[in-house]
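# Geometric and topological summary
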Amino acid sequence: MARSLMEVIMETGSGGEESILASMKFAVLPIAKVFTMCFMGFLMASKYVSILPANGRKLLNGLVFSLLLPCLIFSQLGRAISLQKLIEWWFIPVNVILGTISGSLVGLLVASIVQPPYPYFKFTIIHIGIGNIGNIPLVLIAALCRDKSNPFGDSSKCSQDGNAYISFGQWVGAIVLYTYVFQMLAPPPGETFDGTEEEKLPMKLPVSNNAPEQVPLLISEDIETRSLESSKEAKLMSRIFYFAEKLKIKQIFQPPIIASIMAIFIGTIPFLKHLILTDDAPFFFFTDSCLILGEAMIPCILLALGGNLVDGPGAGSKRLGLRTTAAIIFGRLVLVPPAGLGIVTIADKLGFIPKGDKMFKFVLLLQHSMPTSVLSGAVASLRGCGKEAAAVLFWVHIFAVFSMAGWIVLYLRILF
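Residues numbered from 1 in each chain as written. Predicted model: local features only at pLDDT ≥ 70, side-chain atom pairs only at ≥ 80, totals over all residues. Heavy atoms only, no water.

### Considering unusual backbone geometry
- Residue P119 follows Y118 across a cis peptide bond; omega there is 5°.
- One non-glycine residue, S50, lies in positive phi territory at about 55°.
- For S50, the location among the structural elements is in the loop between α2 (17-45) and α3 (54-80).
- A relative accessible area of 46% places S50 in the partly exposed class.
- Positive phi is not limited to glycine here, since Q115 has a value of about 55°. (Helix = DSSP H or I, 4+ residues; strand = E, 2+ residues; numbered from the N terminus. Buried < 20%, exposed > 50% of the residue type's maximum accessible area, 1.4 Å probe, protein only.)

Here is the structure:
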């Protein structure tokens with residue numbers, strides 16, 4: 001049974017040095033592995049080696065996002081999930097939503113105190129409130145479970161369960177990103193983030209003064225009927241396209257989200273699961289291929305992340321200023337995790353978390369302790385503040401190496 005934070009503090013004060021060192025080992029070693037692989041990417045992208053230039057990193061990111069990550073999600077989530085587990089795991093997407101709300105409230109408090117330069121008030125809230133609930137947790141789980149003596153037991157089960165829990169929450173994160181985050185990062189009306197006015201484009205086509213063509217009387221009634229029907233169809237289609245554009249349907253249904261939906265659909269139907277996902281399935285060769293490709297996701301994404309750091313924070317730091325950048329780092333890495341710990345603790349007390357599943361609770365806690373989401377940078381680029389987002393992501397990920405180790409030590413002490 002998980003222990004409370006007070007029990008951990010009391011045990012630490014009464015001499016639990018040996019268990020603290022064990023917790024530090026399991027917390028620091030995954031971070032050290034991540035840091036080492038990122039450094040390899042940094043070295044490959046540096047001017048001294050130059051094997052991984054900007055174009056190469058872009059292609060590598062595209063490969064990870066479009067193929068390797070969907071393969072990992074499909075194979076791990078599909079094999080782990082069932083209809084019963086789908087019901088038991090309901091709190092994972094809820095935790096993502098609660099994390100967004102609590103993080104945004106912390107961001108609002110920090111932005112109100114710091115008063116970031118115009119027009120970066122909402123930008124500050126978002127980059128404190130939206131964490132990386134997918135890529136980095138997957139990397140940490142893989143690095144932690146790789147150790148045979150990890151506290152969660154069998155390495156293969158540890159990895160499969162952890163990846164399944166993380167993947168199950170990603171579809172909610174995508175919806176949040178392309179609806180809430182997209183709207184919050186909108187520039188001021190009629191302006192852009194660099195202060196210039198947007199080009200005013202004509203909203204309607206110019207009205208022609210030419211007289212309408214003459215229509216034969218015998219077929220005029222038939223043409224009017226058809227035009228009414230076509231106008232109704234056109235209105236219906238325009239409304240569908242309008243709502244699809246408002247909800248960002250195209251952006252939401254990205255390859256990782258499609259893989260999550262397919263994994264949930266196939267994994268919860270026993271016939272399809274035994275046909276594709278189980279070890280003795282007739283079409284297991286497809287799932288096994290996805291497992292092989294999924295294993296390449298972790299090193300590829302870390303090499304790309306390390307390579308991206310070679311460019312430094314860029315020009316965006318000057319626009320935000322040191323005070324705002326430091327406030328975002330402090331808010332995201334120091335203030336948001338305690339709020340998440342409170343949410344998970346209350347949920348555990350209310351019985352929302354499966355009893356005895358420590359990996360489940362650990363993943364929930366990780367979702368609140370990650371640096372700012374990399375995908376928020378992609379949304380920021382669409383909104384015209386990509387350089388500022390790149391600067392924030394650079395510094396947040398640098399300092400997250402230290403903060404994540406500290407929070408993982410605490411979480412392992414609470415769980416074990």
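Alright, that's what it looks like, and here's the rest.
### A short note on helix α18 (residues 358-367)
- α18 sits mainly inside the fold: 9 of its 10 residues count as buried.
- Within α18 the residues assigned to the buried category are M359, F360, K361, F362, V363, L364, L365, L366 and Q367.
- Buried residues along α18 sit in contact with α4 (83-88), α5 (91-114), α7 (135-145), α8 (155-168), α17 (322-349) and α20 (386-415).
- Sitting at the head of α18, D357 places a side-chain oxygen 3.4 Å from the backbone nitrogen of M359. (Contact = heavy atoms within 4.5 Å. Polar contact = N/O pair within 3.5 Å; in protein donor to acceptor, adjacent residues only side chain to side chain.)

### What about the confidence of the model for the chain?
- Per-residue pLDDT for the chain averages 81, and the proportion of residues at 70 or more is 80%.
- Note on residues 199-219: pLDDT under 50 across the span, and 3 contacts to partners over four residues away in sequence or across chains. (pLDDT = per-residue confidence, 0-100.)

### A closer look at the packing of helix α6 (residues 121-129) against helix α9 (residues 170-184)
- Relative orientation of the contacting elements α6 and α9 amounts to 150°, with a least axis distance of 9 Å. Relative to α9, the element α6 lies roughly antiparallel. Between α6 and α9, the residues in contact are K122, I125 and I126 and Y180, V181 and M184, respectively.
- Of the residues assigned to the contact of α6 with α9, the class counts are 5 nonpolar, no polar and 1 charged. (Axes fitted to C-alpha atoms, helices over the stretch in contact; angles between N-to-C directions. Parallel < 35°, antiparallel > 145°, perpendicular 65-115°, else oblique. Nonpolar A, V, L, I, M, F, W, Y, C, P; charged D, E, K, R; others polar.)

### Considering the pattern of salt bridges
- Scanning the entire structure with this criterion turns up 4 salt bridges.
- Residue R79 pairs with D279 through a salt bridge whose shortest N-O separation is 3.1 Å. In this pair, R79 is assigned in helix α3 and D279 in the loop between α13 (270-276) and α14 (284-295), connecting sequence segments 200 residues apart.
- You can call R79 partly exposed: its relative accessible area is 23%.
- Since its relative accessible area comes to 56%, D279 is described here as exposed.
- A salt bridge links K157 to D161; the shortest N-O distance between them is 2.6 Å. Highlighted residues: K157 and D161, both in helix α8, separated by 4 residues, approximately one helical turn. (Salt bridge = Lys/Arg side-chain N within 4 Å of Asp/Glu carboxyl O.)

### A word on the packing of aromatic side chains
- In the structure shown here, the tally under the stated rule is 13 aromatic pairs.
- Ring centres of W90 and F91 lie 5.7 Å apart, and the angle between their planes is 85°; this geometry places the pair in the edge-to-face category.
- Judged by relative accessible area, W90 falls into the partly exposed class, the value being 38%.
- With relative accessibility at 3%, the residue F91 sits in the buried group.
- An angle of 45° between the planes, with centres 5.2 Å apart, marks the rings of F152 and F362 as tilted. Placement of F152 in the loop between α7 and α8 and of F362 in helix α18 is noted, with a sequence separation of 210 residues between them. Note on accessibility: F152 and F362 belong to one class, buried.
- Three or more aromatic residues link up through ring pairs in this structure, and these residues are W89, Y165, F168 and F360. (Phe/Tyr/Trp six-rings, centres within 6.5 Å; stacked < 30°, edge-to-face > 60°.)

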